[in-house]
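Chain and residue survey
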Amino acid sequence: MELYVFDKELNFLGILEGFFSLRWIRKYSKCGEFELHCGLTPSILNLLQRGNIIWKNDDAEAGYIEYRNITVNAQKEEVLVVSGKFMTGYLGRRIVWGTERINDTAEVVMRTLVDNHAINPANPDRVIPLLELGELKGIGQSINKQTSYANLLESIEEVSLSSGLGYRTILDLANQRLIFDVYEGLDRTAGQSMNAPAIFSQEFENILEQEYTDSLNNYRNVALVAGAGEGADRKMVTVGAGAGLDRFELFADRRDLSDVDENGDPIPDENYLPELEQVGHEVLAECTEIQTFDSKVNMRSNLTYKEDFDLGDMVTCLNRRWGITIDTRITEIEEVYETNGKSINVTFGNSIPTLIDKIKQVVR
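Now for a quick tour of the structure. Remember, predicted model here, so these are calculated numbers, not experimental data.

What follows is about helix α3 (residues 152-163). Over its 12 residues, α3 extends 17 Å from the first C-alpha to the last, a length consistent with the 16 Å expected when each residue adds 1.5 Å. All of the buried residues in α3 are Leu 152, Leu 153, Ser 155, Ile 156, Glu 157, Glu 158, Val 159 and Ser 160. In this structure, the buried side of α3 is in contact with α2 (106-119), β10 (142-148), β11 (166-172), β12 (177-183) and α4 (269-285). Measuring from the side-chain oxygen of the N-cap residue of α3 to the backbone nitrogen of Leu 153 gives 3.0 Å; that N-cap residue is Asn 151. Looking at the residues trailing α3, positive phi occurs at Gly 164, about 85 degrees.

Structure representation (structure tokens):
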């Protein structure tokens, strides 16, 4: 497989034909990432500069280099390791500059945030070059979103997790542009009839290795969200439900969500409280039950990658020996390219939160 390299203006620089390994990790509700290991030569070192863009021609997305490291392996070979994020990672370089209040579908909310703070911001210095909005698809439920001075990419991730919509930045080489796209995976579960079902099971020989995790360690189903005000006058909402030992509560202190508008006028409760409710939905979306199959997919099976299943699709996972059947979303796909061939590791369902994820939850 060849890797094509471009500069940040999408000018073609060259082709990397040989490498030791490539991990290409696609994510539905987060920014994807990659890691490349290759032999070191002066030309390769010059080609794989920080900021340059790597693209493989079977993918809609590309990634930019943000880290380089040179090591010597056991065979005394010099190895260059480069890693970085997919192009959506550019949005992590921006904040929500000021306060945004948007009452619209989740798709429009994400698009508006990107447009206001990366495509058409008031300050032209904040424009991310070549970035445009993709086609409006009319998907997602209506939400009330208020955010101030938060990281732009993290704000979009919050909306994505709570709404079930994915996002990505598509590389359009023909027109030298980057297209921010909000999308929704197909329903390929066994119980529907709209699309050809995708059922993953070792019994069907389309799974080589399988690991199942079922955890309540991070689970919460009721959020008490506190907004503006003091004492008995503080505005609060409760989101979620549960009783007895099936009730898992959390408190979200969002005093930063102002109940006055830009002109200093009070925001009516019928407009302000839905914003607090959206916060509750977002924090609970980060604290779901962990029920996931981490699986290595058989590349020579009855299901073809990107034809019969893809990132974001809802599919059915089955293990009769364990007595487990779940309908779940493909949330992450790791493509691994090595000298002995290609493999795919698929995450079905929610993954276990990392330490960084937990820190972000506490900070919020």
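The next point concerns a nonpolar patch on the surface. Together, Ile 95, Trp 97 and Tyr 149 make up an exposed nonpolar region whose accessible area comes to about 380 Å². Positionally, Trp 97 belongs in the loop between β7 (78-86) and β8 (99-105).

This next bit is on the nonpolar core. Within the largest apolar cluster, 52 residues are counted, with the highest numbers of intra-cluster contacts made by Leu 36, Leu 48, Ile 54, Leu 91, Leu 131 and Phe 180. With 7 residues, the single largest contributor to this core is α2. The residues touching Phe 180, leaving out its near neighbours within four places in the chain, are Leu 91, Met 110, Arg 111, Val 114, Leu 131, Glu 132, Leu 133, Gly 134, Ile 156, Tyr 167, Arg 168 and Thr 169. Within the second largest apolar cluster, 20 residues are counted, among which are Val 297, Val 315, Ile 324 and Ile 344.

All right, on to the packing of α3 against α4 then. Interaxial distance between α3 and α4 falls to 8 Å at its minimum, and their mutual angle equals 80 degrees. Accordingly, the angle class assigned to the pair α3 and α4 is roughly perpendicular. Across the interface between the two elements, Glu 158, Val 159, Leu 161 and Ser 162 of α3 pack against Gln 278, His 281, Glu 282 and Ala 285 of α4. A class-by-class count of the residues in the contact of α3 with α4 yields 3 nonpolar, 3 polar and 2 charged.

What follows deals with the pairing of strand β18 (residues 290-297). As paired elements, strand β14 (residues 207-215) and β18 share 8 bridges and run antiparallel to each other. Counted as the bridge partner of Glu 209 is Lys 296 from β18. In terms of strand pairing, β18 meets strand β21 (residues 341-348) through 5 bridges, oriented antiparallel. When the sheet's bridge partners are listed, Lys 296 is paired in β21 with Asn 345.

This next bit is on the pairing of strand β4 (residues 33-39). Two faces make up the sheet, and in a regular strand the side chains alternate between them. Of the strand pairs in this sheet, strand β3 (residues 21-27) and β4 are connected by 5 bridges, and their pairing is antiparallel. Within β4, the position partnered with Ser 21 by the bridge is His 37. What sits between the antiparallel neighbours β3 and β4 is a turn of 5 residues. As judged from the 7 bridges shared by β4 and β7, these two strands associate in the antiparallel manner. Each bridged residue has a counterpart across the sheet, and for His 37 the counterpart in β7 is Val 81.

Once that is clear, we can look at the environment of His 117. Structurally, His 117 can be placed in helix α2. Under the relative-accessibility criterion, His 117 is labelled buried at 4%. Beyond its immediate sequence surroundings of up to four residues, His 117 is in contact with Arg 94, Ile 95, Val 96, Trp 97, Glu 100, Arg 126 and Leu 152. Among the polar contacts listed, one links the side chain of His 117 to the side chain of Arg 126, at a separation of 3.3 Å.

Right, let's get into the sheet that holds strand β15 (residues 222-226). In spatial order, the strands read β16-β15-β17; together these 3 strands make up an open sheet with mixed pairing. Each end of this open sheet is capped by a strand with a single partner; those strands are β16 (236-240) and β17 (249-253). Direction aside, the axes of adjacent strands within the sheet are offset by 20 degrees on average. Looking at chain direction, β15 and β17 are connected through 5 bridges and run parallel. Considered in β17, the bridge of Ala 226 is made with Asp 253.

Spatial strand order, β9-β12-β11: 3 strands in an open sheet with mixed pairing. The sheet terminates laterally at β9 (131-133) and β11, the two strands that pair on one side only. Taking each pair of neighbouring strands and ignoring which way they run, the sheet shows an average axis angle of 30 degrees. Judged from the 3 bridges that link them, β9 and β12 form a sheet pairing that is parallel. Bridge pairing in β12 links Leu 133 to Phe 180.

On to the packing of aromatic side chains. The full count for this structure, using the stated rule, is 14 aromatic pairs. Within the aromatic cluster, the residues linked to one another by ring pairs are Tyr 4, Phe 6, Phe 12 and Trp 55. We note Arg 93 situated over the ring of Tyr 64; from NZ or CZ to the ring centre the distance is 5.1 Å. Here Arg 168 stacks its cationic end above the ring of Tyr 183, 4.1 Å away from the centre of that ring.

Its place among the elements puts Gly 89 in the loop between β7 and β8. A C-alpha to C-alpha distance of 9.0 Å links Gly 89 and Thr 169, two positions 80 residues apart in sequence. Leave out the neighbours within four places in its chain, and Gly 89 touches Cys 31, Tyr 64 and Leu 153.

Rules used throughout
- Residues numbered from 1 in each chain as written.
- Predicted model: local features only at pLDDT ≥ 70, side-chain atom pairs only at ≥ 80, totals over all residues.
- Heavy atoms only, no water.
- Helix = DSSP H or I, 4+ residues; strand = E, 2+ residues; numbered from the N terminus.
- Expected span 1.5 Å × (residues − 1).
- Buried < 20%, exposed > 50% of the residue type's maximum accessible area, 1.4 Å probe, protein only.
- Contact = heavy atoms within 4.5 Å.
- Polar contact = N/O pair within 3.5 Å; in protein donor to acceptor, adjacent residues only side chain to side chain.
- Patch = residues over 30% accessible without salt bridge, like charges linked within 9 Å, V, L, I, M, F, W, Y side chains within 5 Å.
- Areas by Shrake-Rupley, 256 points an atom, 1.4 Å probe, with all protein chains shown as cover.
- Salt bridge = Lys/Arg side-chain N within 4 Å of Asp/Glu carboxyl O.
- Core = buried A, V, L, I, M, F, W, Y, C linked by side-chain atoms within 4.5 Å.
- Axes fitted to C-alpha atoms, helices over the stretch in contact; angles between N-to-C directions.
- Parallel < 35°, antiparallel > 145°, perpendicular 65-115°, else oblique.
- Nonpolar A, V, L, I, M, F, W, Y, C, P; charged D, E, K, R; others polar.
- Pairing = 2+ DSSP bridges.
- Phe/Tyr/Trp six-rings, centres within 6.5 Å; stacked < 30°, edge-to-face > 60°.
- Lys NZ or Arg CZ within 6 Å of the ring centre and 35° of its normal.

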